[in-house]
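Inside the fold
What follows is each chain in one-letter form.
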Amino acid sequence: MKNSRREFIVQSSLGAGALLAAPLVAQANPRVSFSQSNVGDTLKVALIGCGGRGTGAIIQALSTKENIQLVAMADAFKDRLDDCYKSVMNSRAKDTSAKAVQVNQKVNVPEDHKFVGFDGYKQAMALADVVILTTPPGFRPYHFEEAVRLGKQIFMEKPVATDPAGIQRVLAAAKIAKEKKLNVVVGLQRHYQNSYRDLMKRVQDGQIGDVVSASCWWNNDGVWVKPRKEGQTEMEYQMRNWYYFNWICGDHITEQHIHNIDVINWAKNGYPVRARGTGGREVRKGKEYGEIFDHHIVEFEYADGTILNSQCRHIPGTWTKVDEHLIGTKGKVLFDSAKILDLKGNVNYAFDKKTKENNPYQTEHDELWATVAAGEYKFADAENGAYSTMTSILGRMATYSGQIIEWDKAINSGINIAPSRFAWDADMPLKPDANGLYPVAVPGKTKYF
Ligand SMILES: NC(=O)c1ccc[n+]([C@@H]2O[C@H](COP(=O)([O-])OP(=O)(O)OC[C@H]3O[C@@H](n4cnc5c(N)ncnc54)[C@H](O)[C@@H]3O)[C@@H](O)[C@H]2O)c1
């Protein structure tokens, strides 16, 4: 009997062989046993979280060569969903060849397939084969769990959680996703970037010897602020101005710096055992900045004693850098300039970024969708996404408390910073004082254990 790809997606078998837990990715021949005869079926996609990245990700998905249709959208807010819909409908095909199908011709979202509010994701997911999860990270564990439960193929953005309890949920669902052979791509897009893939292969081939030290940075001016509007409940305000609240954002060490920390985890093929660091708020003093810090400097220690010196800073007017460096026993790698140096600083190898670099945001969709369309199973990024997210949370716990935080204790701590329910009138765990200011962690006083 011929199976359609749709059946494959829904019926993916339990108990199948697991993919590697290491930072992703295209593993050798993981083709699943089902007929390829219906490979031309239209793949239906649902977009969950229709903001900036959701809009970009769905346009990238619809710009791939595969036969895809956007059939459902979900967002907490109607205005965000409507703006996204308009942007997608106005987007031109990235492929300018005559044969290219315009992005908007791949959109078929009637009004009753646009879902607004906290629970809309469930209805949207039920209509699709593939889901794109691009809300802020606080919701990711719940959305990922549901997508896995329904047997969907998944693209989800980083970070994948904001606290240890969320990490455990993602790890549990990731295990089931592997058993069901559901492709999961996480938007840690350096894994899909040619220069990083090339350099990392050289590291793994031993070109710089053993990695014994590393540094990484996400230092820049910071991001947007959404001022409070009259009539907003505390939940609505925190949802709109989400960057500044840890239950939904995780602080910028988690929300952005994860990219750089993850690269070092990839190079080490593992995760730190402990973290110690310092951080605070030098310029983020106003009430619009919620509770997050504006700088974190963390030493992450790996089991073999390797130290990762990590810095992230959101302070306008300071020097900027977004990069990762490795120091090995035989040489160094500078990822942003895509070079390998010997220990005296001579360039041994330079990746030709001008001619060989790709757009990794597009590549992650090209590779995922081609895999799903072919009925194959290649991507199991969720576990690494969870462990790299946990690394950033470990760093945050170290800077907030000013204590040395052990990985095992932190990941198993059960710490859960989410509101007890998701509703516009929910009682929020973090509330402003009479002046509108929120409590902020104080190193030496904030305690986890
Ligand atoms: N890989 C990258 O380089 C990259 C770049 C940008 C953003 N991101 C990630 O993408 C995610 C979204 O970021 P963004 O910049 O698009 O933010 P955004 O605020 O522009 O969009 C988030 C959207 O999700 C919606 N939303 C919030 N809670 C929801 C819920 N419970 N159900 C449904 N919708 C909900 C919001 O209303 C909003 O429209 C974040 O995790 C971010 O880290 C990744």
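Residues numbered from 1 in each chain as written. Predicted model: local features only at pLDDT ≥ 70, side-chain atom pairs only at ≥ 80, totals over all residues. Heavy atoms only, no water.

This part takes up the confidence of the model for the chain. Low-confidence regions, as indicated by low pLDDT, have predicted coordinates that should not be scrutinised in detail. Averaged over the chain, the pLDDT score is 91; the fraction of residues at 70 or greater is 89%. Counted against residues more than four places away or in other chains, residues 1-38, with its pLDDT under 50, gives 89 contacts. (pLDDT = per-residue confidence, 0-100. Contact = heavy atoms within 4.5 Å.)

Moving on to the pairing of strand E4 (residues 130-133). Here E4 shows no split at all, with Val130 and Ile132 on one side and Val131 and Leu133 on the other all buried. As paired elements, strand E1 (residues 43-48) and E4 share 4 bridges and run parallel to each other. Each bridged residue has a counterpart across the sheet, and for Val45 the counterpart in E4 is Val130. Assessed by its sense of winding, the connection that carries the chain from E4 through helix H5 (residues 140-149) to strand E5 (residues 153-156) is right-handed. (Buried < 20%, exposed > 50% of the residue type's maximum accessible area, 1.4 Å probe, protein only. Helix = DSSP H or I, 4+ residues; strand = E, 2+ residues; numbered from the N terminus. Pairing = 2+ DSSP bridges. Right-handed = clockwise from strand over helix to strand, strands pointing away.)

This brings us to the pattern of salt bridges. Taken as a whole and assessed by the stated rule, the structure comprises 26 salt bridges. The closest approach of N and O atoms between Asp82 and Lys78, which form a salt bridge, is 2.6 Å. Of the two residues, Asp82 and Lys78 are both situated in helix H3 (residues 78-90); the distance of 4 residues between them amounts to about one turn of the helix. Taking the shortest distance from any N to any O, the salt bridge between Arg421 and Asp425 comes out at 2.8 Å. The partly exposed category is assigned to Arg421, whose relative accessible area is 43%. (Salt bridge = Lys/Arg side-chain N within 4 Å of Asp/Glu carboxyl O.)

Close to the ligand lie 26 residues, the nearest being Arg53, Asp75, Arg140, Glu255 and Tyr361. One of the backbone nitrogen or oxygen atoms of Gly52 is found 2.8 Å away from an oxygen atom of the ligand. At 3.0 Å, a backbone N or O of Gly187 approaches a nitrogen atom of the ligand. Isolated, the ligand exposes 840 Å² of accessible area, and the fraction of that covered by the protein chains is 89%. In a pocket analysis with a 2 Å cut-off to the grid points, the ligand is assigned to the largest pocket. (Near = heavy atom within 4 Å. Polar contact = N/O pair within 3.5 Å; in protein donor to acceptor, adjacent residues only side chain to side chain. Areas by Shrake-Rupley, 256 points an atom, 1.4 Å probe, with all protein chains shown as cover. 1 Å grid on protein atoms, 1.4 Å probe; cavity = no way out; pocket = protein on both sides within 12 Å on 5 of 7 lines; lining within 4 Å. Sits in = over half its atoms within 2 Å of the grid points.)

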